Amino acid sequence: MDFTGKVVLITGASSGIGAATAKYLTNLGATCVLAARNEAKLAEVRKECAALGKVEPLTVVADVTHQADLERLVKVIIAKYGRLNVLVNNAGKGCSGTIEEADVEQFDDMLNTNLRSVFCLTKLALPHLLAVKGNIVNISSVAGTNSFVNLVSYCVSKSALDQFTRCAALDLAPKGVRVNSVNPAVIVTNFHKTLGMEDKAYAAYLKHSESTHPMGRVGTGEEVAASVAFLACDATASFTTGTCLRVDVSCESFTLSSARRMDFTGKVVLITGASSGIGAATAKYLTNLGATCVLAARNEANLAEVRKECAALGKVEPLTVVTDVTKFADLERLVKVTIAKYGRLDVLVNNAGKGAAGSIEVADLEQFDDILDTNLRSVFSLTKLALPHLLAVKGNIVNISSVAGTNSFSNALSYCVSKSALDQFTRCTALDLAPKGVRVNSVNPAVIVTNFHKAIGMEDETYAAYLKHCESTHPLGRVGTGEEVAASIAFLACDATASFTTGTCLRVDGGKHILTPR
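This structure is a prediction, so every number in the text was calculated from the model and none was measured. (Residues numbered from 1 in each chain as written. Predicted model: local features only at pLDDT ≥ 70, side-chain atom pairs only at ≥ 80, totals over all residues. Heavy atoms only, no water.)

1. Overview of the overall build of the protein chain
Item 1. Broken down by element type, the protein chain carries 17 helices and 14 strands.
Item 2. Taken over the C-alpha trace, the protein chain has a radius of gyration of 23 Å; the compact-globule value for 518 residues is 24 Å, and the two agree within 12%.
Item 3. Along the longest, intermediate and shortest principal axes, the C-alpha atoms of the protein chain span 65 × 50 × 50 Å.
Item 4. Every one of the 518 residues in the protein chain was classed for burial, and the buried ones make up 54%.
Item 5. Of the accessible surface of the protein chain, which amounts to about 21700 Å², a share of 52% is contributed by carbon and sulfur atoms.
Item 6. Across the protein chain, the mean location of the 51 positive side-chain charges is 5 Å away from that of the 49 negative side-chain charges. (Helix = DSSP H or I, 4+ residues; strand = E, 2+ residues; numbered from the N terminus. Rg over C-alpha atoms; globule rule 2.2 N^0.38 Å. Buried < 20%, exposed > 50% of the residue type's maximum accessible area, 1.4 Å probe, protein only. Areas by Shrake-Rupley, 256 points an atom, 1.4 Å probe, with all protein chains shown as cover. Lys, Arg positive; Asp, Glu negative; His and termini not counted. Charge placed at Lys NZ, Arg CZ, Asp CG, Glu CD.)

Shown next as C-alpha cells:
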C-alpha cells in the first residue's frame, strides 16, 4: 500500500486510533493533516510522525462539533495542498448509561460528536473528494453492529454512523468515491479512561476482555490503522464500498516497519480452484508478494499455464497438484505432497467452487448435493486435513464465498444455500480456532469477470449483456476483477494487516450488498 502524494485528513488524531492511523499512513507515504482539540498532543503526534523520515504532517486545532472549525479545517487544507484524497472521520467519544439513566443532553452530545460532525465534515470535504475520486473511512465500533447494556446513546450513534456509511456509499459510488467504515472492538487507547474508568478498573476490564474476544486479547490502534489503510487504498480495496469492516477479535508482534506492505516471503499458501478466475488471480497476486504457492485444480493444462504466469514474475515458482476437491483421497494427497515438499502450511485459501441455476421448483437433489459437495463439504474436509499444520504455525484460512451467501437471489437456490452455509462455517471455525491463534475469514465477491457464468451455460452474447446489466446492479457502476478479490484475500491472510480480524465476511462487491431496489 502506497499513499505517496495522497493528502489524508484524520480527525481525532491526537491520541488512540487517530494517532496510530496518522503514523501508519505517514509511514506509507501519505501527507497527513491531523485535527483534534488538544494542541499539545497534536504536536507530539506530529513529532512522532516526523521521526519516521517521511512527510511531516500538518496539524490543525479543531473541535469537530463546531461548524466554523470544520470550515476552517477544510479551507486550510485546500489552501496548502490544493486537494484532499482521503477523509478519515475518527473523532468520537463514548458515554455510559441505560435508557433510564441517560438524559437528552448526553444523547445529543453523543450524536453531535459521533454522527452530526461526520455529516458536516463530509459535506464540506465532498467537493474536493469528488474532484479526485477520493475515499472516506469512518471509524465506527462493534457498538454499531452489536447491542450492549448501559451504552444506549453510544450504540445508537455508532449504528447511525454505519447507516450513514452505507447510504453515502450508495450516493457516491456512481461518482467514483468509496465510503467504508472500520468497526473495532476493545482497543488499547484512552477511550475508557475518558469515561472515568480508573487505572485499576481499566486493567481489570482489559483482563476480562480476554474472555470476550475469541482471540483471547484486545486490539491495538495499529491493527485498526492497518484496516483503515486497506480500505482507503485503491490498490487494495477498489471494489469495496459500503462495507463495515470489523476489527474485533495476534500472535505476531506488530510494528510500523513490518506493516509497510504485505509480505508473504517464506509463507506456504495452498489455493484450490487455482487454474482460472479468482484462484489464478490470487496465485499470481500472492506469488508476487513472495508467497510459495501450491496450486490445486482439476485441469492440468490450465494449472500449468498459471504456474508459467507466476514463474514469469521472477518469484518462487508454484507447485501444482491436480486435485478434485470433491474426492477425499485427492485432498489427502494434496496435503501430504505440500507437507512433504515444504514441511509447513501457513495459509489455506478455499477457493474451488461451482454454480448452478435453478429455483426450488427446478433444482433437483442431484444438483443440490453436487453444489454442496463442491462449495461446502470439500471446504470442511480440506480444512480438517490442513488444520494440524495451520495450528503448528498459527496460520490463516480464507474461504471464498459470495454475495449469494449474504443476499438471496432468485433462481440460484442451491448456490445461495451453499455459500450461506460456508459463511456460517467461517464464523464458527473462527470462534473455535481463535484461542489457538488461527484466524478464519471469508471474501464475498459479487460479479467478477471470470468463466464462472460461462461454466453454467451462459453464451458469450448473453454474458456480455449480463455484464452490461450489472453496471446498474453494482453501485460503483461496474463489475469486479479477480485481482481486486485477490487483494482482499491477501489483506485477510496477512498478519501484518489483519491480525485482529477473524470471523469476518468481507464484501468485495462494488456496494451490491447495500443496494435496495425501490
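2. Things to note about the pattern of salt bridges
Item 1. Under the definition given, this model contains 15 salt bridges.
Item 2. Measuring nitrogen to oxygen at the nearest pair gives 3.5 Å for the salt bridge that ties Arg307 to Glu317. Linking Arg307 in helix α10 (residues 300-311) with Glu317 in the loop between α10 and β10 (319-322), this pair joins segments that are 10 residues apart in sequence.
Item 3. Residue classification places Glu317 among the partly exposed residues on the basis of a relative accessible area of 46%.
Item 4. Where Arg333 meets Asp330, a salt bridge forms, and the shortest distance between an N and an O atom there is 3.6 Å. (Salt bridge = Lys/Arg side-chain N within 4 Å of Asp/Glu carboxyl O.)

3. Things to note about the side chain of Glu484
Item 1. Looking at the secondary structure, you find Glu484 in helix α16 (residues 482-493).
Item 2. Among the polar contacts made by the side chain of Glu484, one reaches the main-chain amide nitrogen of Thr481 at a distance of 2.9 Å.
Item 3. Ignoring any residue separated from it by four or fewer positions in sequence, one finds Glu484 in contact with Thr236, Ser238, Phe239, Arg478 and Val508. (Polar contact = N/O pair within 3.5 Å; in protein donor to acceptor, adjacent residues only side chain to side chain. Contact = heavy atoms within 4.5 Å.)

4. Here we look at the packing of aromatic side chains
Item 1. Inspection of every chain in the model, using the stated rule, returns three aromatic pairs.
Item 2. Ring centres of Phe119 and Phe164 lie 6.4 Å apart, and the angle between their planes is 65°; on these two criteria the pair is classed as edge-to-face. Here Phe164 lies in helix α5 (residues 152-172) and Phe119 lies in helix α4 (residues 104-132), a separation of 45 residues in the sequence.
Item 3. Looking at Phe164, the relative accessible area reads 18%, which means it is buried. (Phe/Tyr/Trp six-rings, centres within 6.5 Å; stacked < 30°, edge-to-face > 60°.)

5. Looking at unusual backbone geometry
Item 1. The backbone of Lys133 sits at a positive phi, close to 50°, despite the residue not being glycine.
Item 2. Mapped onto the elements, Lys133 comes out in the loop between α4 and β5 (135-139).
Item 3. At Asn411, a residue that is not glycine, the phi angle is positive and equals roughly 65°.
Item 4. Within the secondary structure layout, Asn411 lies in the loop between β12 (396-400) and α13 (413-433).

6. Quick word on a nonpolar patch on the surface
Item 1. The grouping of Ile360, Leu413 and Val417 at the surface amounts to a nonpolar patch, some 250 Å² of accessible area in total.
Item 2. Its place among the elements puts Val417 in helix α13. (Patch = residues over 30% accessible without salt bridge, like charges linked within 9 Å, V, L, I, M, F, W, Y side chains within 5 Å.)

7. A word on the sheet that holds strand β3 (residues 58-61)
Item 1. With parallel pairing, seven strands are arranged side by side in an open sheet as β3-β2-β1-β4-β5-β6-β7. One side of each edge strand has no neighbouring strand; the edge strands of this open sheet are β3 and β7 (244-247). Neighbour-to-neighbour, the strand axes of the sheet open up by a mean angle of 20°, direction not taken into account.
Item 2. As defined by bridge partners, β5 adjoins strand β6 (residues 178-184) across five bridges and the pair is classed as parallel. Looking at β6, one finds that Ile139 is bridged to Val182.
Item 3. With respect to the sheet, α4 is in contact with β1 (7-11), β4 (86-89) and β5, its orientation differing from that of β4 by roughly 175°. (Pairing = 2+ DSSP bridges. Axes fitted to C-alpha atoms, helices over the stretch in contact; angles between N-to-C directions.)

8. Some words on the environment of Val55
Item 1. In this structure, Val55 sits in the loop between α2 (39-50) and β3.
Item 2. Setting aside residues no more than four positions away along its own chain, Val55 makes contact with Thr26, Ala30 and Thr31.

9. Describing the state of the cysteines
Item 1. Applying the stated rule across the entire model yields zero disulfides.
Item 2. The cysteine Cys155 is free of any disulfide, with Cys95 supplying the nearest cysteine sulfur at 9.5 Å.
Item 3. For Cys155, a relative accessible area of 10% corresponds to the buried category. (Disulfide = S-S within 2.5 Å.)

10. Let's talk about a negative patch on the surface
Item 1. Where like charges cluster on the molecular surface, the negative patch consists of Asp364, Glu366, Asp369 and Asp373.
Item 2. Looking at the secondary structure, you find Asp373 in helix α12 (residues 365-393).
Item 3. For Asp373, a relative accessible area of 34% puts it in the partly exposed group.

11. Brief notes about the packing of helix α1 (residues 16-27) against α2
Item 1. The geometry of α1 relative to α2 is characterised by a closest axis approach of 9 Å and an angle of 25° between their N-to-C directions. Relative to α2, the element α1 lies roughly parallel. In this structure, α1 meets α2 at a crossing whose hand is right-handed. Counted together, Ala19, Ala22, Lys23 and Thr26 of α1 and Val45, Glu48 and Cys49 of α2 form the full contact between these two elements.
Item 2. Residue composition of the contact of α1 with α2, grouped by class: four nonpolar, one polar and two charged. (Parallel < 35°, antiparallel > 145°, perpendicular 65-115°, else oblique. Left-handed = near helix turned anticlockwise from the far one by under 90°. Nonpolar A, V, L, I, M, F, W, Y, C, P; charged D, E, K, R; others polar.)

12. Side note on the side chain of Thr241
Item 1. Mapping Thr241 onto the fold places it in the loop between α8 (234-237) and β7.
Item 2. Of the polar contacts made by the side chain of Thr241, one reaches the backbone nitrogen of Val179; its length is 3.0 Å.
Item 3. Look past the residues within four positions of Thr241 in its chain and what remains in contact with it is Ala169, Arg178, Val179, Asn180, Leu476, Asp509, Gly510, Gly511, His513 and Ile514.

13. With respect to the domain arrangement of the protein chain
Reports of interface size often rely on the accessible area that becomes lost once the parts have come together.
Item 1. The domains assigned to the protein chain are domain 1 (7-247) and domain 2 (268-452 + 482-510).
Item 2. Spacing between the C-alpha centres of domain 1 and domain 2 amounts to 32 Å.
Item 3. Domain 1 puts 23 residues into the contact, and the matching count from domain 2 is 23 residues.
Item 4. Summed over both partners, the interface of domain 1 with domain 2 buries about 1900 Å², with 64% contributed by carbon and sulfur atoms.
Item 5. For domain 1, the biggest contributors to the area lost against domain 2 are Pro214, Met215 and Phe239; these three give 37% of the whole. (Domains from an automatic or database assignment. Buried area = accessible area lost by both parts, 1.4 Å probe.)

14. Side note on the pairing of β6
Item 1. In terms of residue burial, β6 counts as a mostly covered element, since seven of its seven residues are buried.
Item 2. Residue alternation in β6 divides its side chains into two sets, Arg178, Asn180, Val182 and Pro184 and Val179, Ser181 and Asn183, and both sets are buried.
Item 3. Viewed along the sheet, the connection from β5 through α5 into β6 turns out right-handed.
Item 4. In the sheet, β6 pairs with β7 via four bridges, with the strands oriented parallel. Within β7, the position partnered with Pro184 by the bridge is Val247. (Right-handed = clockwise from strand over helix to strand, strands pointing away.)

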